[in-house]
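# Observations on the model geometry
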Amino acid sequence: MNPTVTRILLADDHALMRAGVRSVLEQHEWLNVVAEATNGREALRLMGEHRPDVALIDIAMPELTGLEVLEQAASAFPEIKIVLLSMHDTKDFITKALCAGARGYLLKDSTSDELELALRTVMRGDIYLSAHMTTQMAGALAQMATMATVATVPINPLTPRQIEVLCCIARGLSTKEIAYQLQLSAKTVETHRAQLMSRLKLRDIASLVRYAIRNNLVPLDLDATRPTQSHP
């Protein structure tokens, strides 16, 4: 098999939904569905058996919900990138998903193009949320800032530039978008990201996002800080 192919586990208790998503994925040569699960417990078993690159998990499944699968997989299979599929775009669901380690949160009525974009985004190490859901998160970020649970590592070890990069990462911007917004090279952005992980003793992008949320580093007016001009 082509080593560049991304191996996908698909988990949903509705056969028609699985068939529809599989049909979309099979249109792309770089995507390969290696297993399908009909419930959360089976999804976890198949993750261990097939070790896919990405698991597309329905948030509402029997036996174990998508969030419960996510929480268990985060410790058992940290290398597997999990994207939750849901009918719910409420702040509570999105916040719980991000804090549990989801790499993406995608609505079931998303287009096939958005599904492909989400998979490309998580495979390059970024978090995927649609623009609509990013806006939905604004109020949740304010609420989380009042919670007693905070990151154990203080913010002060970070330089102003590192904080800027961290904020961009938490808003779901890609490396290319961060480079454009901060007028940096993509390589410099990647260097800052690696330094952030090292300094904060975090191992992945999802952990950086949770750190930024818990420390109230993300501006409430998220759309105002996104690039508005087209760029290559």
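Computed from a prediction, not measured in an experiment: that's the story for all the values here.

## Observations concerning the overall build of the protein
On a plain count of helices and strands, the protein comes out with 10 helices and 6 strands. By residue count, 49% of the 232 residues in the protein fall in the buried class. Long-range contacts, defined here as pairs at least 24 residues apart, represent 67% of the contacts in the protein between residues at least 6 apart. Accessible area of the protein: about 11,100 Å², with a carbon and sulfur share of 53%.

## Quick word on the packing of helix H8 (residues 175–182) against helix H9 (residues 186–200)
At a closest axis distance of 8 Å, the pairing of H8 and H9 adopts a crossing angle of 105°. Classified by the interaxial angle, the pair formed by H8 and H9 is roughly perpendicular. Residues Thr175, Ile178 and Ala179 of H8 touch H9, and the partners they reach there are Ala186, Val189, Glu190 and Arg193. Residues that form the contact of H8 with H9 fall into these classes: 4 nonpolar, 1 polar and 2 charged.

## Notes on the nonpolar core
Among the nonpolar cores identified, the biggest contains 52 residues, and Met47, Ile57, Ile82, Leu84, Tyr105, Ile169 and Leu208 are the most heavily contacted of them. Setting aside residues no more than four positions away along its own chain, Ile82 makes contact with Met47, Ala55, Ile57, Leu70, Ala73, Ala102, Arg103 and Gly104. Judged by nonpolar contacts, the second largest core, of 18 residues, contains Leu10, Leu25, Trp30 and Tyr128.

## Things to note about helix H4 (residues 91–100)
Along an α-helix, a turn takes 3.6 residues, which lines up residues three or four apart on a common side. For H4, the set of buried residues is Ile94, Thr95, Ala97, Leu98 and Ala100. Following H4 by one or two positions, Gly101 adopts a phi angle in the positive range, close to 110°.

## Regarding helix H5 (residues 112–123)
An ideal rise of 1.5 Å per residue puts 16 Å on 12 residues; H5 measures up with 17 Å between its terminal C-alpha atoms. Gly125 lies just past H5 and shows a positive phi near 95°.

## So, the environment of Met197
Tracing the backbone shows Met197 in helix H9. Taking the C-alpha atoms as reference, Met197 lies 10.0 Å from Leu166; in sequence the two are 31 residues apart. Non-local contacts of Met197, meaning those with residues more than four positions away in its chain, are made with Leu202, Arg203, Asp204, Ile205 and Leu208.

## Some details on the pairing of strand S5 (residues 104–107)
Because side chains alternate across S5, one face comprises the buried residues Gly104 and Leu106, and the other comprises Tyr105 and Leu107, equally buried. Across 4 bridges, strand S4 (residues 81–86) lies against S5 in parallel orientation. Opposite Ser86, over in S5, you have Leu107 as the bridge partner. Following the chain from S4 across H4 to the adjacent parallel S5, one finds a crossover that is right-handed. What joins S5 to strand S6 (residues 128–129) is H5, and the crossover it makes is left-handed.

## A short note on the layout of surface pockets
Left-over empty space is what a probe sized like a water molecule reveals as it rolls over the atoms. In this model, the second largest pocket occupies a volume close to 170 Å³. Considering the residues around the second largest pocket, the lining is formed by 15 residues, among which Ala74, Pro78, Ala100, Gly101 and Asp204 are closest to the centre. Within the residue set of the lining of the second largest pocket, elements represented by two or more residues are helix H3 (66–76) and helix H10 (205–214). Residues belonging to the lining of the second largest pocket are distributed by class as follows: 9 nonpolar, 2 polar and 4 charged.

## Some words on the confidence of the model for the protein
Residues at a pLDDT of 70 or more form 80% of the protein, whose mean pLDDT is 79. No element of the protein has a lower mean pLDDT than helix H6 (residues 131–144), which averages 56, and none a higher one than strand S1 (residues 6–11), which averages 96. Considering only residues more than four positions removed or in separate chains, one finds that residues 219–232, a stretch of pLDDT under 50, has 26 contacts.

## A short note on the side chain of Asn39
Position of Asn39 relative to the elements: it lies in the loop between strand S2 (31–37) and helix H2 (40–50). Here the side chain of Asn39 touches Glu42 through a polar contact of 2.7 Å, landing on its backbone nitrogen. Not counting chain neighbours up to four residues away, the residues in contact with Asn39 comprise Met61, Pro62 and Glu63.

## Describing unusual backbone geometry
Phi at Arg51 takes a positive value of approximately 45°, unusual for a residue other than glycine. By secondary structure assignment, the location of Arg51 is in the loop between H2 and strand S3 (54–58). The partly exposed category is assigned to Arg51, whose relative accessible area is 43%. A positive phi angle is found at Glu63, which is not glycine, with a value near 70°. If you trace the backbone, Glu63 turns up in the loop between S3 and H3. By relative accessible area, Glu63 is classed as exposed at 53%.

Definitions and cut-offs
Residues numbered from 1 in each chain as written. Predicted model: local features only at pLDDT ≥ 70, side-chain atom pairs only at ≥ 80, totals over all residues. Heavy atoms only, no water. Helix = DSSP H or I, 4+ residues; strand = E, 2+ residues; numbered from the N terminus. Buried < 20%, exposed > 50% of the residue type's maximum accessible area, 1.4 Å probe, protein only. Contact = heavy atoms within 4.5 Å. Areas by Shrake-Rupley, 256 points an atom, 1.4 Å probe, with all protein chains shown as cover. Axes fitted to C-alpha atoms, helices over the stretch in contact; angles between N-to-C directions. Parallel < 35°, antiparallel > 145°, perpendicular 65-115°, else oblique. Nonpolar A, V, L, I, M, F, W, Y, C, P; charged D, E, K, R; others polar. Core = buried A, V, L, I, M, F, W, Y, C linked by side-chain atoms within 4.5 Å. Expected span 1.5 Å × (residues − 1). Pairing = 2+ DSSP bridges. Right-handed = clockwise from strand over helix to strand, strands pointing away. 1 Å grid on protein atoms, 1.4 Å probe; cavity = no way out; pocket = protein on both sides within 12 Å on 5 of 7 lines; lining within 4 Å. Points joined across faces, edges and corners; volume = space filled by probe spheres on them. pLDDT = per-residue confidence, 0-100. Polar contact = N/O pair within 3.5 Å; in protein donor to acceptor, adjacent residues only side chain to side chain.

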